[in-house]
Amino acid sequence: MNHADLKEQIERRWPGDTQVGRDILSSTTEVTCTRAVLADLCRCIFQDWGFSFAGLIVEEGPSAWQLRYAFYGERDAGWVHVVVSAPVAENVFPSVVEWIHAADWHEREAEDLFGVHFAGHPHLGDFVLHDDAWQENVQPMRRGFDAQAAMRHRLPDADWRPRRIVQEPGAFVMPVGPKFSGVTESVHFLLETVGEDVIRSSTRLFYKWRAIEKLAEGKTVDEVLLLAERFAATTAFAHGLAFCQAVERVSGAELPARARALRVFLAELERLRQHAGAIQEICESTALVVANSQAGMLEEELLRVSGELTGHRYLFGLLAPGGLLCDLPTDACRKAFTQSQDILKRLNELERRLSISSSFLDRIEDVGVVRLSAATDYSLVGPVARASGLVRDLRRAQPYSGYETFDYQVPSEQEGDGYARLRVLFAEARQSVRIIEQATAVLKEGEVCRTVKFRPGAALGWVEAPRGGTFHWVRLGEGGRVARYRVVTPSFINWHSFHLAAEKFAFQDFPIILSTFDLSVAENDR
Amino acid sequence: MSQWVIKGIRTGIKTTAYPRGAERAAGVTPGLPRGGDVGAAAPALVERCLTHALEQTNGAISVDSRRCVHCYRCVRGVGQPLNWEATYEWGGAIATPGLKNELAQPFRHSIHVLVVDAGDCGACLNEVKQLNNPYYNMHRLGFFITPTPRHADVLLVVGPVTDQMRFALKKMHEAMPTPKRVVAVGACALSGGVFAKSFVCGNGVADVLPVDVEVPGHPPPPLAILHGLLVAVGRKRPLPLPAARDEPV
């Protein structure tokens, strides 16, 4: 289904209520529609035409709301943006969650932060701003809200209780977090149990909410780039890249060839390192001590490779709109490739050893299963989606930075259990080294950065980050200042589905399920 | 299962020579800007620093490493770069006059550390995690990670302390037995980093708890965090940090 088909079908089904436009540069079909047909149109795009849901972008203009539902399909289908507007005083929109479950958390977030209401949503409130600690009717993302002004916060209410679903005799809620276990991020789990088995679990996030979308407003592009790199720094390069791509798309900037190749090189180096880290966490959660040490060493070695090549172990301070802030010597890139190749050999050996360790397999097989139908409903991304058979990789579906010129595979599995996710991580690490090799080979001498003249406008930047697709919407105002920055991260998308895997399981499997999902709280909480 | 035992033995010892000797492997630290005299380039460099970590005094540049977020704007894309030093002994102690370090003697070879994420981006926490891998192996030095404040001697905090973590952080600190020390790790924990100061974040841990040891860096590499822990128990001399500056003008 391409743009012409989309336009024809939409105009035929909803004449008068829709207006279809086209942006060739970003292969986006933009559909402006009325509130009356919004839900039906989105349902059709998502369910009938098989698009994935990328995110909901709410913008408050001087006099009107603009809600943008972004969808992406396979390569020739491109992007579809459904845009609906209403005067600021009319802040009720129809909810689409009945047909697009993936939009659930987006609507909850928008309701919490903007005060926009979604008619028909079953469960709004207490999401980003915890009900027990925030005053009623605080809407931090509204235009009038001053991000620098000190807020008067309540102390958390000791009598506040979460909602309980399981009502069997003897059922109780086991609270875990926000501080739990050894070195973990802050997140709260409510595990509803009647004894040994957990029947239902729910996750309470946003303890680490730093409001970067609000902080970005009114800042210069360079200042927001710092935020983009630093809100989830284990995948800093991917997020910085998505932001830069959005800015470059707004400004119509062309990149030098060397910058494109180096961006691919660094993005894949980051993926390799992050996957090694995820594999280490999985080994740690199954208490396999030697495997944990082996994987930990590989992660540290990849951090050192990154540090030696770029100066920074997490690839900070490399990106700039228009290319890269500094050039990397080709010889050093070749050396980093040789080092990664050596590390990959040992990663392969680790996989082979794990695949014949029965005690390890017993703990990870058939654990935390996510079915393909659920993965599709939740529009999951990254290795989690691909382990359930939902094969959609932004590098392939909507290529950027010249990924279409590289030869690699998108690994996938069908089972959707913990072991399938582990195998996908190993397989993707192999593909990353393949891409690194090709990127090193195509490095030609030349400039790495061109000056970008910032123009007012808005665009979406997308990147297949190590944990999955990330979507950064940037609106630039006058003078190159950022007017709106919306970040949809793979962890925000995948945390939504985590409760599916953590349902009806033995209590001791919980750390394993959590580690195979490779979720970042920082990425979710922004 | 014998394959793992054999593999483990065959791997040999990988652990760093630090703290007895120096670690010289490439890529173990991003380094820190050192400042110094850069002549006429000074005003331009100070202007480029987005977190106001640089200050110019009579032509020379001084660096408040608490504010440095490793954006490299003072060394990349400029004519005359600022001095960077690839060191890693970054743990600075905040001297409290007249207060003896009670952790220093009886406990110094068995210290339980409670690691709390108060809004961290994941990098500092990942570097703390690396302390457990064979390259650093903090256990050999008598440092153990504990999940409970009741067993903890040292509270290691990463992140700028978001509003929704402030209460939990205070409670954990109160639940720790005395003597106890607080180690703040990373630029965000020391100054709020790129998130300060806003309606959800303050200027770091010191707004909430008394901090004993500061480890700058964004993120500080594992060796710097290790140095900070050794400083906290009086086994290493602290790096002299400049006095905390007030809000930049």
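Analysis parameters
- One numbering rule holds for all chains: residues counted from 1, following each sequence as written.
- The naming scheme follows written order: chains are lettered A onward, ligands numbered 1 onward.
- Totals for whole chains, interfaces and linings use every residue, but because this is a predicted model, local features are given only for residues with pLDDT of at least 70 and side-chain atom pairs only at 80 or more, for both listing and counting.
- The helix count covers DSSP runs of H or I at least four residues long, the strand count covers runs of E at least two residues long, and both are numbered beginning at the N terminus.
- We take the radius of gyration over the C-alpha atoms and set the globule estimate at 2.2 Å times the residue count to the 0.38 power.
- With C-beta atoms placed from the backbone, the exposure class of a residue follows from how many other C-beta atoms lie within 10 Å of its own: 20 or more, buried; 12 or fewer, exposed; in between, partly exposed.
- We call two residues in contact if the C-beta atoms placed from their backbones are at most 7 Å apart.
- Bear in mind that the domain bounds are from an automatic or database domain assignment.
- Pairing between strands is defined by DSSP: at least two bridges between the two strands are required.
- Throughout this description, the term nonpolar core refers to a group of buried Ala, Val, Leu, Ile, Met, Phe, Trp, Tyr and Cys residues whose C-beta atoms join them within 7 Å.
- Residues were grouped as follows: Ala, Val, Leu, Ile, Met, Phe, Trp, Tyr, Cys and Pro as nonpolar; Asp, Glu, Lys and Arg as charged; and all remaining residues, including Gly, as polar.
- For every element, the axis is a line fit to its C-alpha atoms; helices are fit only across the contacting stretch, and the angle between N-to-C directions ranges from 0 to 180 degrees.
- Put simply, a crossing is left-handed when the front helix is turned counterclockwise from the back one by less than a right angle, and right-handed when it is turned clockwise.
- Each helix should span, by expectation, one fewer than its residue count multiplied by 1.5 Å.
- Angles below 35 degrees are treated as roughly parallel, those above 145 as roughly antiparallel, those between 65 and 115 as roughly perpendicular, and all remaining angles as oblique.

From N to C terminus, chain B includes 6 helices and 11 strands. Whereas a compact globule of 249 residues would reach a radius of gyration of roughly 18 Å, chain B reaches 19 Å, a difference of no more than 12%. By residue count, 52% of the 249 residues in chain B fall in the buried class. Contacts in chain B between residues at least 24 apart in sequence constitute 78% of all its contacts with a sequence separation of at least 6.

Moving on to the overall build of chain A. What chain A contains, in helices and strands, is 18 helices and 16 strands. Its C-alpha atoms give chain A a radius of gyration of 23 Å, within 12% of the compact-globule value 24 Å for 526 residues. In terms of principal-axis extent, the alpha carbons of chain A reach across some 70 × 60 × 50 Å. With 526 residues in all, chain A has 54% of them scored as buried. Summarising the internal contacts of chain A: among those between residues at least 6 apart in sequence, 67% fall at separations of at least 24.

Size of an interface: often given as the accessible area lost when the parts come together. We note that the domain assignment places domain 1 (32-85) and domain 2 (92-232) within chain B. Averaged C-alpha coordinates put domain 1 of chain B and domain 2 of chain B at centres separated by 27 Å.

Moving on: the pairing of strand β4 (residues 60-63) of chain B. Residues and elements named next belong to chain B. Burial of β4 is one-sided: the residues Ile 61 and Val 63 facing one way are buried, the residues Ala 60 and Ser 62 facing the other way are not. In terms of strand pairing, strand β2 (residues 36-37) meets β4 through 2 bridges, oriented antiparallel. Bridge pairing links Gly 36 to Ile 61 in β4. For strand β3 (residues 54-57) and β4, the ladder comprises 4 bridges, and the chain directions are antiparallel. Opposite Glu 55, over in β4, you have Ser 62 as the bridge partner.

Let us look at the sheet that holds strand β9 (residues 188-193) of chain A. In any sheet, the strands associate via hydrogen bonds between backbone groups, in a parallel or an antiparallel arrangement. All names here are of chain A. Here 4 strands make up an open sheet; going across it, the order is β8-β9-β10-β16 and the pairing antiparallel. Sheet topology places β8 (172-176) and β16 (505-506) at the edges, where each strand pairs with a single neighbour. Pairing geometry for β9 and strand β10 (residues 197-204), over 6 bridges, is antiparallel. By the bridge assignment, Glu 192 is partnered in β10 with Arg 200.

So, on to the nonpolar core. Ranked by size, the top nonpolar core spans 243 residues in total, and within it Phe 71 of chain A together with Val 157 of chain B carry the most contacts. In terms of residue count, helix α7 (residues 257-285) of chain A provides more of this core than any other element does, 14 residues in total. Contacts of Phe 71 of chain A, omitting those with residues within four sequence positions, involve Ile 45, Phe 46, Phe 51, Ser 52, Phe 53, Ala 54, Trp 79 and Val 80 of chain A.

This part covers the domain arrangement of chain A. Residue and element names in this part refer to chain A. In terms of domains, chain A is made up of domain 1 (3-119), domain 2 (172-204) and domain 3 (212-525). Facing 16 residues of domain 1, the contacting portion of domain 3 comprises 17 residues. If you list the elements that add at least two residues to the side of domain 1 that touches domain 3, you get β3 (52-60), β4 (64-72) and α3 (104-114). Across the side of domain 1 that touches domain 3, the residue classes break down as 8 nonpolar, 4 polar and 4 charged.

This part covers the packing of helix α5 (residues 221-230) of chain A against helix α6 (residues 236-251) of chain A. All names here are of chain A. One way to put it is that α5 packs onto α6 with a least axis distance of 7 Å and a crossing angle of 150°. For α5 against α6, the interelement crossing comes out right-handed. Contact with α5, carried on its side by Val 221, Val 224, Leu 225, Ala 228, Glu 229 and Arg 230, involves Ala 236, His 239, Gly 240, Phe 243, Cys 244 and Val 247 of α6 and no other residues of that element. Counted by class, the contact of α5 with α6 contains 8 nonpolar, 2 polar and 2 charged residues.

The next thing to look at is the sheet that holds strand β2 (residues 28-33) of chain A. All names here are of chain A. Taken in spatial order, the 5 strands of this open sheet run β1-β2-β5-β4-β3, and their pairing is mixed. Each edge of the sheet is formed by a strand with only one pairing partner; in this case those strands are β1 (18-23) and β3. Here the average twist between neighbouring strands, direction ignored, is 20°. Looking at chain direction, β3 and β4 are connected through 8 bridges and run antiparallel. Within β4, the position partnered with Glu 60 by the bridge is Trp 65. Set on the sheet, helix α2 (residues 35-48) makes contact with β1, β2, β3, β4 and β5 (79-87); between it and β5 the angle comes to about 165°.

Residue and element names in this part refer to chain A. When the terminal C-alpha atoms of α7 are compared, their 42 Å separation across 29 residues agrees well with the 42 Å that a helix rising 1.5 Å per residue should span. Burial within α7 is extensive, with 28 of its 29 residues counted as buried. Immediately beyond the C-terminal end of α7, within one or two residues, lies Ala 287, with a positive phi of roughly 60°.

Below, the discussion takes up the interface of chain A and chain B. Each side of the interface is counted separately: chain A has 60 residues, and chain B has 52 residues. Those elements that provide at least two residues to the side of chain A that touches chain B are α5 and α8 (289-310) of chain A. Top contributing element to the side of chain A that touches chain B by residue count: α8 of chain A, with 12 residues. Residues of the side of chain A that touches chain B, tallied by class, amount to 31 nonpolar, 17 polar and 12 charged.

Another point: unusual backbone geometry. For the peptide bond that leads from Tyr 18 of chain B to Pro 19 of chain B, omega is 10°, which places it in the cis range. As for its position among the elements, Pro 19 of chain B is in the loop between α1 (2-11) and β1 (32-33). Look at the link from His 218 of chain B to Pro 219 of chain B: it is a cis peptide, with omega at -5°. Position of Pro 219 of chain B relative to the elements: it lies in the loop between β11 (213-215) and α6 (222-232). In this model, Ser 181 of chain A sits at a positive phi of 55°, which is unusual for a non-glycine residue. Relative to the elements of secondary structure, Ser 181 of chain A occurs in the loop between β8 and β9.

Here the focus is the packing of helix α9 (residues 330-355) of chain A against helix α14 (residues 418-441) of chain A. Residues and elements named next belong to chain A. Two numbers describe how α9 lies on α14: the axes approach to 10 Å, and their chain directions differ by 160°. Taken together, the axes of α9 and α14 lie roughly antiparallel to each other. Here α9 runs over α14; the crossing is left-handed. For the pair formed by α9 and α14, the contact residues are Cys 333, Arg 334, Phe 337, Ser 340, Gln 341, Leu 344, Leu 347 and Glu 351 on the first element and Phe 426, Ala 429, Arg 430, Val 433, Ile 436, Glu 437 and Thr 440 on the second. Residues belonging to the contact of α9 with α14 are distributed by class as follows: 8 nonpolar, 3 polar and 4 charged.

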